[in-house]
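The chain contents come next:
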Amino acid sequence: MAWVKERITDEGDKRFVACYRDPEGRQRSAGTYSSRRAAERAANREEAKVREGAWHDHSRGQVTFAEYVETVWLPSKHVETSTLAAYRSYLDKHFIPTFGKRPMGKILPSEIQRWVTTATEHGLSAASVRKYHTMLHSVFERAQRDRVVTFNPCAHTELPKVIKKKARTLTPEEYVAILTALPAQHRLMIETAINTGLRWGELIALKPRHLDLIKRTLSVEETVVEVSIKNSPTGARMLTKPYPKDNEARTMALPADLVGQLADWITSRRLGPDDLLFATREGTPISRNTFRTRVWLPAVRASAVDFDVRVHDLRHAHASWLLAGGSDLKSVMDRMGHAQITTTQKYLHALPDADQKNLDALNRIRGREAHPDGATGEEGQAD
């Protein structure tokens with residue numbers, strides 16, 4: 001129940017202190033007033049907020065952004081090691097320098113908007129701005145639940161529009177040109193990539209025990225993630241997870257010729273069941289960036305393929321080729337390890353000649369309409 005305390009100032013004047021109890025039962029003051037009536041109103045307002053669950057302790061908002069994310073937000077995130085390392089990188093690079101010393105309760109929407117505008121003007125892509133803003137929104141969403149702030153300053157930020165570029169799919173001919181330009185010792189790894197559609201981390205985590213040379217199958221059971229040493233929980237750059245992305249192992253069939261090449265590779269290098277199938281000279285996982293800069297990009301340039309092909313584009317090509325060749329969506333989804341079939345659907349009609357096939361199909365149908373008796377326009381020929 002709210003109440004009022006009366007006190008006398010040094011000058012002999014009466015003052016009235018509005019009192020109430022917070023949600024934890026501690027006595028609080030809603031201010032000092034010159035009239036009892038005003039004090040009663042103030043005390044009753046705060047008591048009503050407590051009763052309705054709308055009361056806020058403004059002192060909580062004095063915690064700095066840096067302290068809150070380090071002691072509350074980051075420890076609350078149950079995410080992959082690589083994701084946590086990415087969060088720390090985003091914070092260190094983009095948000096701690098801007099908001100680190102600011103009290104959480106004093107960060108305004110206009111400041112969030114200013115960060116977005118400045119980052120965009122300095123060349124950060126629209127997709128990256130949106131990705132980082134999503135993380136920042138999550139920080140303040142948690143703070144709002146903790147009653148550190150009364151509102152989320154990221155709630156109505158004007159974000160830059162992401163203009164999607166039409167993706168180009170690697171053709172079989174372009175793939176062969178790149179493969180031929182690669183150093184011989186890396187070709188089998190890339191052949192495995194195009195024949196399986198594995199993600200990079202799954203590819204470099206492969207071991208001989210994941211292969212069944214009799215059944216000609218491959219089990220995807222592990223993945224390697226690469227993080228900065230600064231943000232690594234173990235101090236190691238390469239971390240192995242005992243499960244692939246989406247947390248579910250999968251098994252796929254392999255072409256007979258690839259199985260033969262892999263068997264020869266394992267024998268010639270005397271690899272044990274738990275050795276890495278594709279590794280550095282020291283037997284450690286291959287760094288994506290090192291392979292990209294020292295091996296992949298020079299091969300792409302030498303191949304004369306006229307667009308920037310990433311190693312990850314081999315995965316896209318694998319799915320697109322399967323669908324173009326007549327595989328059904330569900331089987332391709334399972335082979336790729338997609339959690340949602342809508343992801344797999346993105347690869348439909350991705351090859352350059354897909355639209356021509358559409359026109360051919362349209363012409364066939366129109367030909368039938370023009371010759372309802374089944375003729376194609378050529379005498380003596382049936383469709």
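Cut-offs used in this document
Residues numbered from 1 in each chain as written. Predicted model: local features only at pLDDT ≥ 70, side-chain atom pairs only at ≥ 80, totals over all residues. Heavy atoms only, no water. Helix = DSSP H or I, 4+ residues; strand = E, 2+ residues; numbered from the N terminus. Buried < 20%, exposed > 50% of the residue type's maximum accessible area, 1.4 Å probe, protein only. Contact = heavy atoms within 4.5 Å. Areas by Shrake-Rupley, 256 points an atom, 1.4 Å probe, with all protein chains shown as cover. Lys, Arg positive; Asp, Glu negative; His and termini not counted. Charge placed at Lys NZ, Arg CZ, Asp CG, Glu CD. pLDDT = per-residue confidence, 0-100. Polar contact = N/O pair within 3.5 Å; in protein donor to acceptor, adjacent residues only side chain to side chain. Pairing = 2+ DSSP bridges. Axes fitted to C-alpha atoms, helices over the stretch in contact; angles between N-to-C directions. Parallel < 35°, antiparallel > 145°, perpendicular 65-115°, else oblique. Left-handed = near helix turned anticlockwise from the far one by under 90°. Nonpolar A, V, L, I, M, F, W, Y, C, P; charged D, E, K, R; others polar. Bend = angle between axes of the 7 residues up to and from the residue. Salt bridge = Lys/Arg side-chain N within 4 Å of Asp/Glu carboxyl O.

Peer 1: Explain the overall build of the protein chain here, please?
Peer 2: For the protein chain, the helix and strand inventory stands at 14 helices and 8 strands. Considering only C-alpha atoms, the protein chain reaches an extent of 115 × 65 × 40 Å along its principal axes. Expressed as a percentage of the 383 residues in the protein chain, the buried residues total 38%. Across the protein chain, the fraction of contacts at a sequence separation of at least 24, relative to all contacts at a separation of at least 6, is 57%. When the accessible surface of the protein chain is totalled, it reaches about 22,800 Å², and 50% of it is carbon and sulfur. With 58 positive and 48 negative side-chain charges, the protein chain shows a separation of 7 Å between the mean positions of the two kinds.

Peer 1: Just checking my understanding: could you explain the confidence of the model for the protein chain for this structure?
Peer 2: Interpreting fine coordinate detail is not advised for predicted regions of low pLDDT. For the protein chain, per-residue confidence averages 89 on the pLDDT scale, and residues scoring 70 or more make up 93% of the total. Low pLDDT, under 50, characterises residues 374-383; the stretch is placed with 10 contacts to residues that sit more than four places away or in other chains.

Peer 1: Quick question: what am I supposed to make of the side chain of Thr-157 here?
Peer 2: Its location among the elements puts Thr-157 in the loop between α5 (126-145) and α6 (172-181). Look at Thr-157 and you get buried, because its relative accessible area is 15%. Within the structure, Thr-157 has its side chain in polar contact with the backbone oxygen of Cys-154 (distance 3.2 Å). Filtering out sequence-adjacent residues up to four positions away, Thr-157 remains in contact with Ile-112, Gln-113, Val-116 and His-133.

Peer 1: Just checking my understanding: could you explain the environment of Thr-342 for this structure?
Peer 2: Locating Thr-342 in the fold gives a position in helix α13 (residues 341-345). With relative accessibility at 48%, the residue Thr-342 sits in the partly exposed group. Between the C-alpha atom of Thr-342 and that of Leu-329, which follows or precedes it by 13 residues, the distance is 9.4 Å.

Peer 1: Looking at this model, I keep getting lost on the sheet that holds strand β4 (residues 211-212). Mind explaining?
Peer 2: Think of a sheet as strands paired side by side through backbone hydrogen bonds, with each pair either parallel or antiparallel. Strand order in the open sheet formed by 3 strands is β4-β5-β8, and the pairing between neighbours is antiparallel. Single-partner strands in this sheet number two, and they are β4 and β8 (250-253). One ladder, built from 4 bridges, connects strand β5 (residues 217-220) with β8; its direction is antiparallel. Paired with Val-220 across the strands is Arg-250, a residue of β8.

Peer 1: What is the right way to read the sheet that holds strand β3 (residues 27-33) from this model?
Peer 2: Pairing is antiparallel across the open sheet formed by 3 strands, whose spatial order is β1-β2-β3. Each edge of the sheet is formed by a strand with only one pairing partner; in this case those strands are β1 (3-8) and β3. Strand-to-strand, the axes of this sheet are offset by a mean angle of 30 degrees, without reference to chain direction. Packed on one face of the sheet, helix α1 (residues 36-52) meets β1, β2 (14-21) and β3 and runs near 10 degrees to β2.

Peer 1: What am I meant to see in the packing of helix α7 (residues 184-196) against helix α9 (residues 256-268) here?
Peer 2: In a packed pair of helices, the relevant descriptors are the angle between the two axes and the axis-to-axis distance. Packing of α7 against α9 leaves a shortest axis separation of 11 Å and a crossing angle of 140 degrees. It follows that α7 is oblique to α9 by the angle criterion. Considering the relative orientation of α7 and α9, their crossing is left-handed. Of α9, the residues touching α7 (which contributes Gln-185, Leu-188, Glu-191, Thr-192 and Asn-195) are Leu-258, Gln-261, Leu-262 and Trp-265. Considered class by class, the residues forming the contact of α7 with α9 number 4 nonpolar, 4 polar and 1 charged.

Peer 1: Quick question: what am I supposed to make of helix α10 (residues 288-303) here?
Peer 2: Residue pairs spaced three or four apart in an α-helix point in one direction, given the helix's 3.6 residues per turn. At Trp-296, α10 is deflected by roughly 35 degrees, the largest bend along its length, and proline Pro-298 occurs up to four residues later in sequence. Among all positions of α10, only Phe-291, Val-295, Trp-296, Ala-299, Val-300 and Ser-303 are buried. In this structure, the buried residues of α10 make contact with α6, α7, α8 (200-203) and α11 (313-324). Once α10 finishes, Ala-304 follows within two positions and takes phi at roughly 70 degrees, a positive value.

Peer 1: Whenever I open this one, the pattern of salt bridges confuses me. Can you help?
Peer 2: Opposite charge on two side chains makes pairing possible when the charged atoms of those side chains draw close. For the structure on display, the rule yields 24 salt bridges. Glu-6 serves as the salt-bridge partner of Lys-14, at 3.7 Å between the closest nitrogen and oxygen. With relative accessibility at 41%, the residue Glu-6 sits in the partly exposed group. Residue Arg-199 is joined to Glu-202 by a salt bridge in which the shortest nitrogen-to-oxygen separation is 2.7 Å. In this structure Arg-199 comes out as buried when scored by relative accessible area, which is 13%. Residues joined in a network through salt bridges with shared partners are Asp-22, Glu-24, Arg-26, Arg-28, Asp-57 and Arg-60.

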